[in-house]
Amino acid sequence: MANFTVIFDGSGSPDDTVALVVAGFAGKSEQWLELEKDWKRCLEDFGIPALHMKDFAHSQGDFKAWRGDEQRRRRFLARLINIISTRVWHSFGSAVIMDDYRNVDAKYELSEHSRPYSIAGCSCLTSVRNWALKWLKPTDEILLVFEDGDLDKGDLMRTAKTYFDAVPSFLPKSRSVAFQAADLLAYEQLLANVKIQRSGRITFD
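Residues numbered from 1 in each chain as written. Predicted model: local features only at pLDDT ≥ 70, side-chain atom pairs only at ≥ 80, totals over all residues. Heavy atoms only, no water.

1. Quick look at helix 5 (residues 116–134)
Next, step 1: Counted at 1.5 Å a residue, the expected span for helix 5 with its 19 residues is 27 Å, and the 27 Å between its end C-alpha atoms agrees.
Next, step 2: Three or more residues of helix 5 are buried, namely Pro116, Tyr117, Ser118, Ala120, Gly121, Cys122, Cys124, Leu125, Val128, Trp131 and Ala132.
Next, step 3: Phi turns positive, to about 60°, at leucine 136, one or two residues after helix 5. (Helix = DSSP H or I, 4+ residues; strand = E, 2+ residues; numbered from the N terminus. Expected span 1.5 Å × (residues − 1). Buried < 20%, exposed > 50% of the residue type's maximum accessible area, 1.4 Å probe, protein only.)

2. Remarks on the pairing of strand 1 (residues 4–11)
Next, step 1: Here strand 1 lies mainly inside the structure; eight of its eight residues are buried.
Next, step 2: Of the two faces of strand 1, the one holding Phe4, Val6, Phe8 and Gly10 and the one holding Thr5, Ile7, Asp9 and Ser11 are both buried throughout.
Next, step 3: Note that strand 1 and strand 4 (residues 142–147) share five bridges and pair parallel. From the neighbouring strand, isoleucine 7 faces strand 4, where its bridge partner is valine 145. (Pairing = 2+ DSSP bridges.)

3. What to know about the nonpolar core
Next, step 1: Counting residues in hydrophobic clusters, the biggest one holds 36 residues, and the most contacted among them are Trp39, Leu51, Phe56, Phe76, Leu80 and Leu184.
Next, step 2: At the level of elements, strand 2 (19–27), helix 1 (29–46), helix 2 (53–57), helix 3 (70–87) and helix 7 (178–199) are the ones that each hand at least two residues to this core.
Next, step 3: For this core, the leading source of residues is helix 7, giving ten residues.
Next, step 4: Setting aside its immediate chain neighbours within four residues, tryptophan 39 contacts Leu51, Leu80, Ile83, Ile84, Val177, Gln180, Ala181 and Leu184.
Next, step 5: With 25 residues, the next largest nonpolar core counts Ala26, Val96, Trp131 and Leu144 among its residues. (Core = buried A, V, L, I, M, F, W, Y, C linked by side-chain atoms within 4.5 Å. Contact = heavy atoms within 4.5 Å.)

Below is the structure:
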């Protein structure tokens, strides 16, 4: 029986973003239940049916009326972040920089073995395993759940089984608001990687 559940979501696309990110949080079942109640209460208070970070970031969709209202945007995001920090145990995240991936793929046909989504996902699984070993949490008591719908899901399932002997589960985002929390983290990590790449402070040969 799973003692911890790690909820992951992805952000970015191999074809049209600087990076592809997979990120998420670990928590016990009772913590996820409390997060769900707190999260839904926050959404209700702000009159929003669900958080989609792309819509929030660009003030579109359900957030169209929020354009220019920075105070409301900050209050909303701060409350969600506070819920996350209160209810989860640990965070995980990994990014694949697409220009670097393409350079390696051109030389070594990397895409024949691992796609960007599975690389980012398996990097997160490595972090989960290291976290579990550090804190003496049996890895067979950790349930791994990814948001269903990202490209190359099959490749992630194959590589997770091959290298981690793990079989992740996939659920639609509508099944749990925990995916919205993971979406928030993944989107912010995507933005951070975009800023780093565009700043020119870090280069990759």
